[in-house]
Amino acid sequence: MHYLSISTVFFTFLGYPMSYIEFFGTLFNIWCVYLTAKGRVLSWPVGMVGIVLYFFLFYQIRLYSDLFEQAYFFGMSIYGWWLWTRPQTTVKHTEEKLAITTNTPRINQWYALATIVLSVVLGFVMARIHVLLPRLFPEPASYPYLDATTTVMSFAATILMAKKKVECWYLWILVDIVGIWLYYVKGVKFIALEYALFLFLAIHGWRTWRTSLKSHHSPAPGV
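Calculation rules
Residues numbered from 1 in each chain as written. Predicted model: local features only at pLDDT ≥ 70, side-chain atom pairs only at ≥ 80, totals over all residues. Heavy atoms only, no water. Core = buried A, V, L, I, M, F, W, Y, C linked by side-chain atoms within 4.5 Å. Buried < 20%, exposed > 50% of the residue type's maximum accessible area, 1.4 Å probe, protein only. Helix = DSSP H or I, 4+ residues; strand = E, 2+ residues; numbered from the N terminus. Axes fitted to C-alpha atoms, helices over the stretch in contact; angles between N-to-C directions. Parallel < 35°, antiparallel > 145°, perpendicular 65-115°, else oblique. Left-handed = near helix turned anticlockwise from the far one by under 90°. Contact = heavy atoms within 4.5 Å. Nonpolar A, V, L, I, M, F, W, Y, C, P; charged D, E, K, R; others polar. Pairing = 2+ DSSP bridges.

Colleague: Quick one: what's the story with the nonpolar core, residue by residue and with numbers?
Modeller: Nonpolar side chains in soluble globular proteins generally cluster together in the buried interior. The biggest cluster of nonpolar side chains holds 52 residues, and the ones touching the most others in it are F58, W169, W172, Y183 and W209. Secondary-structure elements contributing two or more residues to this core are β2 (16–19), α1 (20–37), α2 (43–60), α3 (64–85), α6 (144–162), α7 (167–185) and α8 (189–217). Examining the composition of this core, we find that eleven residues originate from one element, α8, more than from any other.

Colleague: Please set out the packing of α6 against α7 residue by residue, giving values where relevant.
Modeller: Helix-helix packing: each pair is described by the crossing angle between the helix axes and the interaxial distance. The contact between α6 and α7 brings their axes to 9 Å, and the two run at 150°. The angle between α6 and α7 places the two elements in the roughly antiparallel class. Considering the relative orientation of α6 and α7, their crossing is left-handed. Packed against α6, whose contacting residues are L146, D147, T150, M153, S154, A156, A157, T158, L160 and M161, the element α7 presents E167, C168, L171, W172, L174, V175, V178, W181 and L182 at the interface. The class makeup of the residues in the contact of α6 with α7 is 14 nonpolar, three polar and two charged.

Colleague: Break down the packing of α1 against α2 for me, citing the residues and quoting the values.
Modeller: Orientation of α1 relative to α2, taken along the N-to-C sense of each, is 145°, at an axis distance of 8 Å. At the point where α1 passes α2, the crossing takes the left-handed sense. Together, I21, E22, F24, G25, T26, F28, N29, W31, C32, L35 and T36 of α1 and S43, V46, G47, V49, G50, I51, L53, Y54, F56, L57 and Q60 of α2 make up the contact between the two elements. Across the contact of α1 with α2, the residue classes break down as 13 nonpolar, eight polar and one charged.

Colleague: Before we move on, can you summarise the pairing of strand β1 (residues 9–13) with the specific residues and values?
Modeller: Where β1 meets β2, four bridges bridge the pair, whose relative direction is antiparallel. Residue pairing in the sheet places V9 in a bridge with S19 of β2. If you look at the hairpin formed by β1 and β2, you'll find two residues sitting between the two strands, and L14 has a positive phi there, around 50°.

Set out below in structure tokens:
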């Protein structure tokens, strides 16, 4: 029995055949997002397990941009794990954990421009990857440009999340909305349901981080 095959069924629910890889990959990713919304360092190693499982899954359903996205996520998880546990030295020479902050409008404009350009480039490559690398990718990519756009937005969101920037949640919300539809039409309905939950968690994460940001910048009583 090949547990990493999407054809190996773990159980059937309401007529939907649930594979081991989809079920456990989804559970670990949901756990990761929940921990991230809470600002827990454990979110990074938990997420790495889900990343590995999804790497094999996306290859099998031909969402190749998502496949490369998982490799990126794995590397960024190591970086984020290190960054979240590394003490930050303030001007008072005291050490504290990395604080939640926000970008300037100019930086956000650069992120938006880079996302658009890289989405077009990645979509162009993914639409032709079965021609460029036929042995590795014998079948054409599904929805190459849409998949590329959500992948690039996820790249940017992960960088912002590692830096604890509130803007990461705006990108995750967009990715989740598109992902609900994309994974549903690709037939991995449990992942589509996962992204519906991700959407709820992303909204919760945004509200939690925004509240933390406001409290951090609020003047102390009597000041």
